[in-house]
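# Structural overview for review
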Amino acid sequence: MNMLNGLYFPGTGPNKELFCSLLCLLAKIDFYQIVAEEATDGGNDGASYWEGQVVMPLGEDHDRFLAMIRDIKAHAADFYGGYLSALSADSLIDRDESSVWQLVASLHGENKEADQDPALTEKLWQARLVLKLAEILAAEQADINKGLTDLNRAEQAVFYAMKGELDDRDDCDEVFPASGQEMAGGQEGGKIKHLLKAWGALFVMDSRKHSLLVTDSEDGAAILFDAWEELSGKRPQLLVGLDLPVAESVEAMEAARDELAAARTAVSNGLQDILAGDGVGGAAKLETALELWQGQIGAKEGRKWPIDIYLLPGHSLREVWGRISGMVVADDGDVNQTSLIAVLRTVP
């Protein structure tokens with residue numbers, strides 16, 4: 001049986017350390033991109049394990065969009081303060097924000113697709129901009145965090161040289177607390193709502209079927225689950241909670257996959273039976289698989305990353321994301337879809 005693939009939300013770029021840990025269980029990770037990135041020969045950089053997918057490609061507007069992004073980067077102070085919050089207003093469309101509409105109009109021009117609602121066109125453009133700006137800000141934040149971490153290490157080195165090694169490592173941590181981004185830092189609650197709204201607009205327009213979504217944002221998962229409860233009247237069902245090894249490289253991930261091969265297959269078989277409608281049989285398989293998985297994980301050294309997998313039965317995920325994004329969802333004929341949501345929890 002084929003192993004499960006997961007679609008990551010709400011990010012629009014590969015988070016390699018995060019993805020490597022997820023891939024200890026899953027076969028492949030997909031994520032949305034605003035524009036297709038050119039393939040590079042990076043050797044064993046993991047590109048064969050994750051893939052960016054472009055929803056509603058820009059076509060003739062591709063170059064104009066990239067030019068606008070370059071302009072935004074060159075004039076960061078003018079854009080970051082107001083445009084991201086304005087573009088991600090509650091409805092994603094606010095005609096009172098004239099600056100937003102000028103920006104959108106300058107990107108896609110006055111030409112409208114004859115067979116597409118102008119409001120839908122504008123909404124998709126806003127979603128792309130929100131996600132792209134968030135991507136730029138995340139990259140800049142990562143650079144800042146790296147700089148802080150490097151500075152912290154340099155300060156510690158000077159401290160050691162002046163005072164000698166401390167008997168108690170915790171004493172040093174009090175003087176020079178660790179700086180930098182945590183693995184599962186996620187997004188602040190206020191920002192994640194806007195990102196989910198924008199990401200959901202792309203999901204609604206995606207013609208591909210995705211049965212398993214994964215996220216490292218517990219706030220984002222909570223918003224998704226609330227929308228699900230509003231739609232179905234029920235809370236998502238927790239199927240299983242297990243631990244993933246924290247793999248910091250492709251090589252570490254591949255080694256973990258080899259060690260966990262039997263357990264990986266067993267967990268995947270149970271989950272896929274549940275997705276196929278065999279809830280009783282799948283649950284029994286999953287219970288046995290969990291014992292095998294946790295037994296093997298417990299024997300491994302190193303950090304572990306808790307992951308919870310939830311079942312969302314009986315409704316199309318497009319309906320849920322339509323509720324979050326405010327997008328109108330066309331009838332896709334899959335109203336009884338069963339889906340899974342995997343949520344990575346913050347490492348203690």
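Here the structure is a predicted model, which means the values were calculated and not measured.

Looking now at the overall build of the chain. Helix and strand content of the chain: 13 helices and seven strands. For the chain, the proportion of its 348 residues judged to be buried stands at 44%. For the chain, the exposed surface amounts to about 17,300 Å²; the carbon and sulfur share of it is 49%.

With that out of the way, let us pick up the packing of helix α11 (residues 261–275) against helix α12 (residues 279–298). Closest axis-to-axis distance for the α11/α12 pair is 8 Å, and the angle between their directions is 160 degrees. Considering the angle they form, α11 stands roughly antiparallel to α12. Relative to α12, the crossing made by α11 is left-handed. Of the residues in α12, those touching α11 at Ala262, Ala263, Arg264, Ala266, Val267, Gly270, Leu271, Asp273 and Ile274 are Gly279, Gly282, Ala283, Lys285, Leu286, Ala289, Leu292, Trp293 and Gln296.

At a minimum axis separation of 9 Å, helix α9 (residues 218–232) and helix α13 (residues 317–325) run at an interaxial angle of 110 degrees. In terms of their interaxial angle, α9 and α13 are classed as roughly perpendicular. Residues Ile223, Leu224, Ala227, Trp228, Glu230 and Leu231 of α9 form the contact with α13, whose own contacting residues are Glu319, Val320, Trp321, Arg323 and Ile324.

The next subject is the packing of aromatic side chains. A complete count under the given rule lists 11 aromatic pairs for this structure. Consider the rings of Phe19 and Trp50, whose centres lie 5.7 Å apart with planes at 65 degrees: the pair is edge-to-face. Note that Phe19 is positioned in helix α1 (residues 16–22) and Trp50 in strand β3 (residues 50–54), a separation of 31 residues in sequence. Assessed through its relative accessible area of 0%, Phe19 is described here as buried. Look at Trp50 and you get buried, because its relative accessible area is 7%. Aromatic rings pair up to connect Phe9, Tyr32, Trp199, Phe203 and Trp321 into one cluster. Just above the ring of Trp125 sits the side chain of Arg128; from NZ or CZ to the centre is 5.3 Å.

Let us look at the nonpolar core. Judged by nonpolar contacts, the single largest core of 44 residues is most densely connected at Phe65, Trp199, Phe203, Leu213, Trp321 and Ile341. Mapped by element, the contributors of at least two residues to this core are α2 (62–74), α6 (118–163), α8 (189–205), α9, β6 (304–312), α13 and β7 (339–344). In this structure, Phe19, Ala256, Ala289 and Ile307 belong to the second largest nonpolar core, which totals 41 residues.

Confidence along the chain averages 79 in pLDDT terms, with 74% of residues attaining 70 or more. For residues 108–112, every residue scores under 50 in pLDDT, and the model assigns this stretch 10 contacts once sequence neighbours within four places are set aside. Considering only residues more than four positions removed or in separate chains, one finds that residues 174–187, a stretch of pLDDT under 50, has 28 contacts.

Thresholds applied
- Residues numbered from 1 in each chain as written.
- Predicted model: local features only at pLDDT ≥ 70, side-chain atom pairs only at ≥ 80, totals over all residues.
- Heavy atoms only, no water.
- Helix = DSSP H or I, 4+ residues; strand = E, 2+ residues; numbered from the N terminus.
- Buried < 20%, exposed > 50% of the residue type's maximum accessible area, 1.4 Å probe, protein only.
- Areas by Shrake-Rupley, 256 points an atom, 1.4 Å probe, with all protein chains shown as cover.
- Axes fitted to C-alpha atoms, helices over the stretch in contact; angles between N-to-C directions.
- Parallel < 35°, antiparallel > 145°, perpendicular 65-115°, else oblique.
- Left-handed = near helix turned anticlockwise from the far one by under 90°.
- Contact = heavy atoms within 4.5 Å.
- Phe/Tyr/Trp six-rings, centres within 6.5 Å; stacked < 30°, edge-to-face > 60°.
- Lys NZ or Arg CZ within 6 Å of the ring centre and 35° of its normal.
- Core = buried A, V, L, I, M, F, W, Y, C linked by side-chain atoms within 4.5 Å.
- pLDDT = per-residue confidence, 0-100.

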